Structure formats: structure tokens, C-alpha cells
Amino acid sequence: MPDLAYVNGEIMPIEKAVVPIEDRGYQFGDGVYEFVASYQGRPFMLEEHLDRLERSMRELAFDPISRADIGKAVLDLFNLSGYPRAGLYIQISRGVAPRNHAFTPGMTPQIIMTIRPVKEIPAEKRKNGATAITVKDTRWGRCDIKTVQLLSNSLAKQQSLDAGSDDAIFVSDQGVVREGTSSNLFIVSGGRLITHPLTDNILPGITRMVVLNLCKAADLNVEESFFGIDALLGAEEVFLTGTVTELLPVVRIDNKTIGRGDVGPIARRLYDLLRKQAMAGGRTI
């Protein structure tokens, strides 16, 4: 089966999918998206992803669409693709209208989906850990909404690759460490896990939520609080979380070794728990 696309109710090979030139997602970045991954053919945390998609649409004052229809299309694409480990993008724009900053009344949201095999993180990175740089956070002020406005994220990611690292970590003007370019961030300090609290400045990650629940179930001390670069660089462990990232340890940041410079015991334990839950098709604990 070829990689597939869904465009406003029609499923087709991905290379045949097109959207109108005056789609507001293209013209203004006026769109939201989600990314859902499957394990053994089963989408993981689908309802939670749909919850976040609906929230993003509400925050941008989109007209509501049928959750049941979206959910059915998602499952149809996973089933038709036949990929045991697939990644599916859902992207919804406000609609199509002649270019104008103000909304045109009566627009119909454009619903686009694509599905391909997941591009896995190399096993070597899982075993030995990744590297990162810190960058100034230049993103817009509502990072809690999962929009298609990802230019700052893309530039930061490219900056990290140009520097020979795997990712970039956003830091505010006030020195608050926030998250990666497409992932949330945790540190381990004094045996305690810490992650940035949910504010307008970070994405409410689905995997972040799963990891927090895993920590509580495993009696691991975890808190949501602000921390700075000194705490980041002085941490015993650092790891990123995300749908494809899963749980990825970071062993070097800004050319400084984190902890012992290897994958730490807490990251290993949580990764194993996360994979166990994902492979079982489990929902939030």
C-alpha cells in the first residue's frame, strides 16, 4: 500500500493530494495539527490527541467539526496503510478564501491527513544518548496551541544540526528552560524529576502527560516547576519526550557533559515503562 493522504473526506495516494492556493493554513499559518503514532498497528493515545486537537481549534475560534468523523478517518488510514508502526498527521486549516487578514464568514475547515511509516530515532541514540544546544525562544506567545506556525522551531532545529547536535532547547529571555523543538523536556536533579509547568509557553505534550503518570505510578518524585540553564547543565539526567521522540536522554548540552555522560537509570526505567504501555496499547494510567 502506498503512503496515503486524506483530503476532506477522500483517501488517495499521497502524491496526488493537493490543497487550494488560498488555503489560510498556507497563507497565514492559520491551522492546527496533531501527530499520532501506532504500535503494532494500534494508534497510541488517540483520544488524548483528539482532545488536544479540539482544544487547539477552540483556542483559535475555529468552527467545530465532527470528532467522530475525524476519529473514523484516522482509524481508516491506519488500517488501510497496513503499517505496524505508522505516523499520522492531522492538519486542519480555517478554510479557503481570498487573502484577507480578517476571517471570511462561512469558511469550511480544510481537513488534511497523511500517513507514513515512522522514521525511528537511531538505536545508537537510544543507547548512548543525544546532544543538544540551547537557543533563545523566539516562538509566538501561545506555544500551548498546536498550530502549524513552526518556523522558529524549524530554524532552531536546523541551527542545532548545523552545530553538530541533535536538537535545540528553547530558553526564555529570563533564562527559563522550556522545551525542545518538537518535544518536552525533563531533568533529574537530586533524584527528583522536574519539568516546566503547563503555561502558554510550552506544548501540553501527550507523552509528557504519560510520563508524569508513569512517574506517579512508579513512586518517582516529580514536580512541575521552572528552572534555569544552571539547573539544566548541572542535572544528573536530562531527557526529551514526544510522540516519536518517546523518551530520549540528552547526554551533552552546549558541549557540556550532563551527569556521567551516559543514559541514566531513571531515563532507562521510564523508557521501558513507556514502551511497555505503548506496546500494550494502553491509555493514560
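Residues numbered from 1 in each chain as written. Predicted model: local features only at pLDDT ≥ 70, side-chain atom pairs only at ≥ 80, totals over all residues. Heavy atoms only, no water.

Below, the discussion takes up the overall build of the protein chain. Of regular secondary structure, the protein chain possesses eight helices and 15 strands. In terms of its C-alpha atoms, the protein chain occupies a principal-axis envelope of roughly 55 × 40 × 35 Å. Within the protein chain, residue pairs in contact and separated by at least 24 positions form 70% of the contacts whose partners lie at least 6 positions apart. In the form shown here, the protein chain has an accessible surface area of approximately 13400 Å², with 53% of it arising from carbon and sulfur atoms. Looking at the protein chain, you have 33 positive and 35 negative side-chain charges, and the mean spots of the two groups are 3 Å apart. (Helix = DSSP H or I, 4+ residues; strand = E, 2+ residues; numbered from the N terminus. Contact = heavy atoms within 4.5 Å. Areas by Shrake-Rupley, 256 points an atom, 1.4 Å probe, with all protein chains shown as cover. Lys, Arg positive; Asp, Glu negative; His and termini not counted. Charge placed at Lys NZ, Arg CZ, Asp CG, Glu CD.)

This part takes up the packing of helix α2 (residues 46-59) against helix α3 (residues 67-81). Contact geometry for α2 and α3: axes closest at 11 Å, N-to-C directions at 135°. One element, α2, and the other, α3, form an angle in the oblique class. You can see that α2 and α3 cross each other, and the crossing is right-handed. The residues of α3 that touch α2, namely those facing Leu 46, Glu 47, Leu 50, Asp 51, Leu 53 and Glu 54, are Arg 67, Ile 70, Gly 71, Val 74 and Leu 75. Of the residues contributing to the contact of α2 with α3, the split by class is six nonpolar, one polar and four charged. (Axes fitted to C-alpha atoms, helices over the stretch in contact; angles between N-to-C directions. Parallel < 35°, antiparallel > 145°, perpendicular 65-115°, else oblique. Left-handed = near helix turned anticlockwise from the far one by under 90°. Nonpolar A, V, L, I, M, F, W, Y, C, P; charged D, E, K, R; others polar.)

Formed by 24 residues in total, the largest nonpolar core has its most connected members in Ile 70, Val 74, Leu 88, Ile 90, Ile 92 and Met 113. Of all the elements in the fold, those that place two or more residues in this core are β1 (4-7), β3 (31-39), α2, α3, β5 (86-93) and β6 (110-117). Discounting residues that sit within four places of it in the chain, Ile 90 has contacts with Val 32, Tyr 33, Glu 34, Leu 50, Leu 53, Ile 70, Val 74, Ile 112 and Met 113. Among the nonpolar cores identified, the runner-up in size contains 23 residues, and Leu 193, Phe 239, Ala 267 and Leu 270 belong to it. (Core = buried A, V, L, I, M, F, W, Y, C linked by side-chain atoms within 4.5 Å. Buried < 20%, exposed > 50% of the residue type's maximum accessible area, 1.4 Å probe, protein only.)

Let us look at the sheet that holds β5. A sheet is described by the order of its strands in space; here six strands give the open sequence β2-β1-β6-β5-β3-β4, paired in antiparallel fashion. Lying at the two open borders of the sheet, with one neighbouring strand each, are β2 (10-13) and β4 (42-43). Direction of pairing for β1 relative to β6: antiparallel, over a ladder of four bridges. Of the residues in β6, the one forming a bridge with Leu 4 is Ile 115. In the packing of α3 onto the sheet, the strands contacted are β1, β2, β3, β4, β5 and β6, and the crossing angle to β6 comes to about 25°. (Pairing = 2+ DSSP bridges.)

Under the criterion given, the structure shown has four aromatic pairs. Ring plane angle 50° and centroid distance 4.5 Å describe the contact between Phe 35 and Tyr 89, whose orientation is recorded as tilted. One end of the pair, Phe 35, is in strand β3; the other, Tyr 89, is in strand β5, and 54 residues separate them in sequence. For Tyr 89, a relative accessible area of 42% puts it in the partly exposed group. Between the aromatic rings of Tyr 39 and Phe 44, the centroid separation amounts to 5.8 Å while the plane-to-plane angle is 85°, which identifies the pairing as edge-to-face. Each of the two residues, Tyr 39 as well as Phe 44, counts as buried. One aromatic cluster is present, formed by Tyr 33, Phe 35 and Tyr 89 through successive ring pairs. It is Arg 99 that lies over the ring of Phe 28; its NZ or CZ is 4.7 Å from the centre. (Phe/Tyr/Trp six-rings, centres within 6.5 Å; stacked < 30°, edge-to-face > 60°. Lys NZ or Arg CZ within 6 Å of the ring centre and 35° of its normal.)

Most of strand β13 (residues 237-242) is tucked away: six of the six residues are buried. Residue alternation in β13 divides its side chains into two sets, Glu 237, Phe 239 and Thr 241 and Val 238, Leu 240 and Gly 242, and both sets are buried. Of the strand pairs in this sheet, strand β10 (residues 184-189) and β13 are connected by five bridges, and their pairing is antiparallel. Within the sheet, the bridge partner assigned to Leu 185 lies in β13 and is Leu 240. Where β13 meets strand β14 (residues 246-253), four bridges bridge the pair, whose relative direction is antiparallel. Each residue of the ladder has a partner; that of Gly 242, found in β14, is Glu 246. Here β13 folds back onto β14 in antiparallel fashion, the turn holding three residues.

Considering all chains together, one arrives at 24 salt bridges under this definition. Put simply, Asp 3 and Arg 116 hold a salt bridge, and the shortest N to O gap is 3.7 Å. Pair noted here: Asp 3 is in the segment before β1 and Arg 116 is in strand β6, with a separation of 113 residues, a long-range link. The partly exposed category is assigned to Asp 3, whose relative accessible area is 22%. With relative accessibility at 42%, the residue Arg 116 sits in the partly exposed group. A salt bridge links Glu 59 to Arg 142; its shortest N-O distance comes to 2.9 Å. Remark: Arg 142 occurs in the loop between β7 (130-136) and α5 (151-162) and Glu 59 occurs in helix α2; sequence separation between them is 83 residues. Given the relative accessible area of 38%, Glu 59 is considered partly exposed. Relative accessible area serves as the criterion here: at 24%, Arg 142 is assigned to the partly exposed category. What emerges from the salt-bridge pattern is a single network uniting Arg 55, Glu 59, Arg 142, Asp 144 and Asp 200. (Salt bridge = Lys/Arg side-chain N within 4 Å of Asp/Glu carboxyl O.)

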